[in-house]
Amino acid sequence: MGNSLKNMGSGIFVYLMNMLFQFINRFLFVKFLSVEYLGINGLFSNVLSMLNIAELGIAGAMVYALYKPLSEENTEEIKSIMYLYKHLYRFVGMFVLVAGMMITPFLGYFINGEDVRHIQYLNVYFLLYVVDAGVSYFLSYKRSIIICNQQSYIINGTNFLKIVSTNILQIVFLVLTRNYFIYLLIRVLCTFGENVLISLIANQKYPYLREKATMLEPNVTSKIKKNILAMSMHKIGTVVVFGTDNIIISKFVSLAATGLYSNYVLITNAAASLLTQFFTAITASVGNYLVEKKENTDDIYRMYRNILFVNFCLYFIVSLGIFICMQNFMTVWLGKDFLLSRCVLLCIVLNFFSLGIRKTTLVFKDASGLFWKDRYKPLLEAGSNLLFSIPLAIHFGIAGTIIGTIITNILVSGIIEAHITYKYLFKRSVWLFFREEIKYYVILILSLAGCSFITSSIGEISFVNVLIRGFISIGFSVMVLIVLFFRTEEYRYAKSIVLGLIRKAYRR
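Residues numbered from 1 in each chain as written. Predicted model: local features only at pLDDT ≥ 70, side-chain atom pairs only at ≥ 80, totals over all residues. Heavy atoms only, no water.

Another point: the overall build of the protein. Looking only at helices and strands, one finds 20 helices and zero strands in the protein. Expected size for 508 residues packed as a compact globule is a radius of gyration near 23 Å; at 23 Å, the protein falls within 12% of this value. Principal-axis analysis of the C-alpha atoms gives the protein an extent of 60 × 55 × 50 Å. Relative to its 508 residues, the protein shows a buried fraction of 54%. Counting only carbon and sulfur atoms, one obtains 67% of the accessible surface of the protein, whose full area is about 23,100 Å². One way to put it: in the protein the 46 positive side-chain charges average out to a point 3 Å from where the 27 negative ones average out. (Helix = DSSP H or I, 4+ residues; strand = E, 2+ residues; numbered from the N terminus. Rg over C-alpha atoms; globule rule 2.2 N^0.38 Å. Buried < 20%, exposed > 50% of the residue type's maximum accessible area, 1.4 Å probe, protein only. Areas by Shrake-Rupley, 256 points an atom, 1.4 Å probe, with all protein chains shown as cover. Lys, Arg positive; Asp, Glu negative; His and termini not counted. Charge placed at Lys NZ, Arg CZ, Asp CG, Glu CD.)

Below, the discussion takes up the nonpolar core. Phe44, Ile145, Ile146, Tyr180, Phe312 and Phe364 are the most contacted members of the largest nonpolar core, which totals 142 residues. No other element matches the 19 residues that helix H13 (residues 297-333) contributes to this core. Once residues lying within four places of it in the same chain are set aside, the contact partners of Phe312 are Phe353, Ile357, Tyr440, Ile443, Leu481 and Phe485. (Core = buried A, V, L, I, M, F, W, Y, C linked by side-chain atoms within 4.5 Å. Contact = heavy atoms within 4.5 Å.)

In total, this model carries 35 aromatic pairs according to the counting rule given. On the basis of an interplanar angle of 85 degrees and a centroid distance of 5.2 Å, the ring pair of Phe353 and Tyr441 is categorised as edge-to-face. Of this pair, Phe353 sits in helix H14 (residues 342-356) while Tyr441 sits in helix H18 (residues 431-455), placing them 88 residues apart in sequence. Judged on exposure class, the residue Phe353 and its partner Tyr441 are both buried. An aromatic cluster is present here, built from Tyr301, Tyr304, Phe364, Tyr422, Phe426, Trp431, Phe433 and Phe434 joined pairwise through their rings. Over the ring of Tyr206 we find Lys205, and its NZ or CZ is 6.0 Å from the ring centre. The ring of Phe323 carries the charged tip of Arg342 above its face, separated from the ring centre by 4.4 Å. (Phe/Tyr/Trp six-rings, centres within 6.5 Å; stacked < 30°, edge-to-face > 60°. Lys NZ or Arg CZ within 6 Å of the ring centre and 35° of its normal.)

Turning our attention to the pattern of salt bridges. Under the defined criterion, the tally for this structure stands at 12 salt bridges. Between Arg428 and Asp298 there is a salt bridge; the shortest N-O distance is 2.6 Å. Residue Arg428 is located in the loop between helix H17 (398-426) and H18, and its partner Asp298 is located in helix H13; the two are separated by 130 residues in the primary sequence. Residue class for Arg428 comes out partly exposed when judged on its relative accessible area of 26%. A relative accessible area of 42% means that Asp298 is categorised as partly exposed. A salt bridge links Glu436 to Arg305; its shortest N-O distance comes to 3.8 Å. Linking Glu436 in helix H18 with Arg305 in helix H13, this pair joins segments that are 131 residues apart in sequence. A relative accessible area of 7% means that Glu436 is categorised as buried. (Salt bridge = Lys/Arg side-chain N within 4 Å of Asp/Glu carboxyl O.)

Looking now at the packing of H18 against helix H19 (residues 463-485). Viewed as axis vectors pointing N to C, H18 and H19 meet at an angle of 140 degrees, and their least axial separation amounts to 10 Å. Looking at the two axes, H18 sits oblique to H19. The crossing of H18 and H19 is right-handed. Contact with H18, carried on its side by Lys439, Tyr440, Ile443, Ser447, Gly450, Cys451, Ile454 and Thr455, involves Arg469, Ile472, Ser473, Phe476, Val480, Leu484 and Phe485 of H19 and no other residues of that element. (Axes fitted to C-alpha atoms, helices over the stretch in contact; angles between N-to-C directions. Parallel < 35°, antiparallel > 145°, perpendicular 65-115°, else oblique. Left-handed = near helix turned anticlockwise from the far one by under 90°.)

As a further point, take the confidence of the model for the protein. Within the protein, residue pLDDT values average 83, and 91% of them lie at 70 or more. When the elements of the protein are averaged for pLDDT, helix H5 (residues 113-116) gives the smallest value, 57, and H14 the largest, 94. (pLDDT = per-residue confidence, 0-100.)

Our focus in this paragraph is the side chain of Thr401. As for its placement among the helices and strands, Thr401 is situated in helix H17. Thr401 sits in the buried class, given a relative accessible area of 0%. Other than its neighbours up to four places away in sequence, Thr401 contacts Asp245, Ile248, Ile249, Ser389, Leu392 and Ala393.

Turning next to the packing of H13 against H19. Across the interface, H13 lies against H19 with an axial gap of 9 Å and an inter-helix angle of 160 degrees. One finds that H13 runs roughly antiparallel with respect to H19. Taken as a pair, H13 and H19 cross one another with a handedness that is right-handed. Across the interface between the two elements, Phe309, Phe312, Cys313, Phe316, Ile317, Leu320, Gly321, Ile324, Cys325, Asn328, Phe329 and Val332 from H13 touch Phe463, Val466, Arg469, Gly470, Ser473, Ile474, Phe476, Ser477, Val478, Val480, Leu481 and Phe485 from H19. Of the residues assigned to the contact of H13 with H19, the class counts are 18 nonpolar, five polar and one charged. (Nonpolar A, V, L, I, M, F, W, Y, C, P; charged D, E, K, R; others polar.)

Given below as structure tokens:
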């Protein structure tokens, strides 16, 4: 638990700093470059995520394969797994580079026809994105062994150095040159530098990684292949569901709309990344816990329910805060010209929550190695998202695109993940999950309405009033949680975590 708290604490610090730098960076970006360039950022990120399908979930399968040999300190097997990991990632890196270059001439098909003529050097900008993504695969695999060893704080440290150097250099050159090419080139160089640093740290901490590796046992190789095949399907589903919104908006709405939407996504992604630190920090601990408890499903299920409640509390509080504060904050930060409608904001918040509430189930499912059991889920995810998002985008614009993703999150991804986890890990009826989920969604929707009514009288838009709205939303959400759950075991577990963190901070 000590490493988990250390990992989570360092992760939270890094993401808070990242948020601060990104807000400053984005403010200057829209000041010196047009909103269409924001749209390019969002579009290219989605196109690259489509190319990253080539990763095929290799990282997830390899991380799972490393848990056992790391706990047993079986260096020979660790070397062999990492050797295989290296060669697979080299292949992926080459594929991303070559495929990216091949689709460059066809970028215009992803953008609304009117917008293409407004952007010069579109292909050059995209190639920088391709290089940034492709080259990373040649070194980034070594971070996995550090994470598996419950030392994510080391990765958080290198990430902090990258964030500071990237943003400071981008801000300076953006103000001096107003050149988007230099802006992207800095990102490429800093990403490469971070991966080199992680590789050097891994080699120093685990010197046996530089030794010659032997072939893996056939049974281990067979399990890895099976998990990669299952995870590859998951990768496809994830990319189609979460990596196509900007492409759909760029094509069926406009590049400018993609740029406006990207400002909101920047904030929700920053919040999600911050909350993800909790789940990243506990993933290795959950994996070890499942190995220790094995067939004791009662203890495993009890731990799951406790963490699921913490999951709900975190995303409930943040979702409420985003809904209450977002429009005012966006006006203070960038101006009224960068606002989306209140309806779109509601869709963004529900999408944020519907994705976040799945985190605990995914942690337990992946830590137990149940990749193969729901291997067909991603195909349903991908089909569902495209089936709903494209026609809804044509008729309802940005809101329609997001609604399609929400439908997929709740009715496809969430249901299948819960069914597999409850059936094969907890040995319980999945209706227990549905009952909890429905309760959580009802509480969220009623709370959004209630808190909106309370804050509706705060009319003036200012930074101080944004803070006031934030404090009201936090106080309201905490009060709701206490009133509704203070008698439950899950509430006592969450309370013990909070008090433990406070005591630890006080002792320091």
